[in-house]
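# Overview (structure and organization)
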Amino acid sequence: MEKILYLDPFSGIAGDMFLGLLVDLGVDPEELKKRLSKLGVEFELRIRKVNKKGITATKVDVVFPGKEHHEDHIDHEHHGRHLSEIMKILERLEDPAREKATEMFETLAEAESKVHGLPKEKVHFHEVGAMDAVIEIAGAVAGLELLGVEKVFCGTVNTGSGFVMTEHGRYPVPAPATAELLKGIPIYVDQKVRAELVTPTGAVILKSLVDEFRTPILRAEKVGYGAGTMDLEIPNVLRGYLGYIEPSERIGDVLIETNVDDMSPQLFGHLMERLFEAGAKDVFFTPIYMKKNRPAVKVSVLCHESKKDEILKLLFKESTSIGARVFYPEKVEATRTVKTVKTEYGEIPVKIASFDSEIVNISPEYEACKKIAQEKGIPLKEVYRAVCKSVSEVRDDV
Ligand SMILES: O=C([S-])c1cc(C(=O)S)c[n+]([C@@H]2O[C@H](COP(=O)(O)O)[C@@H](O)[C@H]2O)c1
Ligand code: NI
């Protein structure tokens, strides 16, 4: 069954709140620190239990040596950073975290660039947030991997309201960069909570890591709370449910099929393009022989049931079909997690698929293997061999 995380941001989200939630849900801080040590940045994760209006939550503070209280003064060593400097740091991560974290910082830079009318390369990340955001964003990606979360859902996001002091001066809440990042995400500006509940880092975590903004029917195995810094009249925490989608929810997709025996082959390419544009998750054509051995093509379209009518209408408009069959397939998938194995060429992430509590597939992370093959000047298949050798030796632990 698909392991999911459902976020309930009734008090918004910031980078530290998301990290606190992940630890509260079971991420091992040592394992998280180990993955983040690849950044080559000296920092500590100060983790403690706090009480927010009666709710016990986990608070994570990113602390840089000698900069114990960076909130009350601009920390000149971390004073503002340009995108290029930050990218060099994030490039030290291993895939898939590297790719996702760099994409998230690009997104943050694009928002800041749009708001201030600056080219992305000239964007100057706000002093206090720059290095915190690096750790918080890389930690968010690594933490989801460590929890084995396969899909993230999120409810409507409370942005808070009022004004906040930033390096540009008093800014409206949500801050302009936050508002830019929250485009397309369901939000509400809670006039009763006069505080900044969503920061740009929190917003980019939602934008890049949430798969669907809706409340699924789920069964939670764990409920966690990540604490924010401020004390508000509401509990300033980010709540998250770790669990599984309820079977009835799994019938989210429909499979639409129709046989077409009198349509010019030229039209099939256009039909496929239009179906994908309309939001089909997959489209495929199967050659078949119908009654009296008439050659034909079975057109199959997989889409979310909310798209069914739109897809059916398009199918009838763009093909010669006037009828279709609609199936409600139950989707069965292996559970996927990422683990790191020690090999003679160093630690390499492997993707593990399990079904019914049994490992059914193990595949080395291609980008990480390719990087090692290039660095060591050895064939890629040699790196794969070393991974398979290590996996077979430690299969029980993997
Ligand atoms: O970090 C960035 S890009 C940033 C942009 C803006 C603008 O609206 S422009 C404002 N801020 C403010 O800095 C603090 C910390 O934000 P983090 O995302 O770094 O936690 C917060 O008050 C933001 O509103 C940051
Ligand atoms: Ni700004």
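So, how was this worked out
- Residues numbered from 1 in each chain as written.
- Chains lettered and ligands numbered in written order.
- Predicted model: local features only at pLDDT ≥ 70, side-chain atom pairs only at ≥ 80, totals over all residues.
- Heavy atoms only, no water.
- UniProt positions renumbered as here; feature names shortened; annotations may be inferred.
- Pairing = 2+ DSSP bridges.
- Helix = DSSP H or I, 4+ residues; strand = E, 2+ residues; numbered from the N terminus.
- Axes fitted to C-alpha atoms, helices over the stretch in contact; angles between N-to-C directions.
- Contact = heavy atoms within 4.5 Å.
- Near = heavy atom within 4 Å.
- Polar contact = N/O pair within 3.5 Å; in protein donor to acceptor, adjacent residues only side chain to side chain.
- Areas by Shrake-Rupley, 256 points an atom, 1.4 Å probe, with all protein chains shown as cover.
- Nonpolar A, V, L, I, M, F, W, Y, C, P; charged D, E, K, R; others polar.
- Salt bridge = Lys/Arg side-chain N within 4 Å of Asp/Glu carboxyl O.
- Buried < 20%, exposed > 50% of the residue type's maximum accessible area, 1.4 Å probe, protein only.
- Patch = residues over 30% accessible without salt bridge, like charges linked within 9 Å, V, L, I, M, F, W, Y side chains within 5 Å.
- Lys, Arg positive; Asp, Glu negative; His and termini not counted.
- Charge placed at Lys NZ, Arg CZ, Asp CG, Glu CD.
- Parallel < 35°, antiparallel > 145°, perpendicular 65-115°, else oblique.
- Left-handed = near helix turned anticlockwise from the far one by under 90°.

The name given to the protein chain in an unreviewed UniProt entry is Pyridinium-3,5-bisthiocarboxylic acid mononucleotide nickel insertion protein, and the organism recorded there is Thermotoga petrophila. Taken directly from UniProt, the Sequence similarities (unreviewed entry) text for the protein chain runs: "Belongs to the LarC family."

## Remarks on the sheet that holds strand β13 (residues 295-304)
Taken in spatial order, the four strands of this open sheet run β12-β13-β11-β14, and their pairing is antiparallel. Edge positions in the open sheet fall to β12 (282-289) and β14 (325-327), since each of these has one partner strand only. Between one strand and the next, the sheet's axes are offset by a mean angle of 20°, whatever the strand orientation. Inspection of the sheet shows strand β11 (residues 253-260) paired to β14 by three bridges, in the antiparallel sense. Residue pairing in the sheet places I256 in a bridge with V326 of β14. Sheet contacts for helix α9 (residues 266-277): β11, β12 and β13; angle to β12, the most-contacted strand, approximately 145°. Where helix α10 (residues 308-318) meets the sheet, it contacts β11, β13 and β14, and its direction lies at approximately 15° from that of β11.

## Let's talk about unusual backbone geometry
Going from D95 to P96, the amide bond is cis rather than trans, its omega being 0°. The linkage connecting V173 with the following residue, P174, adopts the cis geometry, with an omega of 0°. The topology assignment puts P174 in the loop between β7 (169-172) and α6 (176-181). Here K53, not a glycine, exhibits a phi torsion of approximately 55°, which is positive. Along the chain, K53 falls in the loop between β2 (44-52) and β3 (55-63).

## A look at the site of ligand 1
Taken together, 15 residues lie around ligand 1, and E112, H116, H126, E196 and T201 are the ones closest in. Interatomic distance of 3.2 Å between a backbone N/O atom of A177 and an oxygen atom of ligand 1. In this structure, an oxygen atom belonging to ligand 1 sits 2.7 Å away from a side-chain N or O atom of T201. Relative to its unbound accessible surface of 540 Å², ligand 1 loses 88% to contact with the protein. If you list the elements that add at least two residues to the shell around ligand 1, you get α4 (97-116), α6 and α7 (200-209). When the residues that make up the shell around ligand 1 are grouped by side-chain class, the tally is seven nonpolar, six polar and two charged.

## Things to note about the pattern of salt bridges
According to the stated counting rule, one finds 31 salt bridges in the structure shown. The salt bridge partner of R98 is D95, with a shortest N-O separation of 3.1 Å. Judged by its relative accessible area of 7%, D95 falls in the buried class. Residues E212 and R214 are paired through a salt bridge, measuring 2.5 Å at the closest nitrogen-oxygen approach. By relative accessible area, which is 29% here, R214 ends up partly exposed.

## Some points on a negative patch on the surface
A contiguous patch of negative charge, built from D28, E30, E42 and E44, is present on the exposed surface. Position of E44 among the secondary structure elements: in strand β2. The class for E44 is partly exposed, based on a relative accessible area of 48%.

## Regarding the environment of L197
Topologically, L197 is positioned in the loop between β8 (187-188) and α7. Its relative accessible area of 3% is what places L197 among the buried residues. Along the sequence, L197 and V157 sit 40 residues apart, while their C-alpha atoms lie 9.2 Å from each other. Setting aside residues no more than four positions away along its own chain, L197 makes contact with F10, S11, G12, I13, A14, N158, T159, G160 and L232.

## Points about the packing of helix α3 (residues 83-90) against α4
Running from N to C, α3 and α4 point in directions that differ by 165°, and their axes come no closer than 10 Å. As judged from the angle between their axes, α3 and α4 are roughly antiparallel. Judged by the sense of rotation from one axis to the other, the crossing of α3 with α4 is right-handed. Residues L83, I86, M87 and L90 of α3 form the contact with α4, whose participating residues are R98, A101, T102, F105, E106 and A109.

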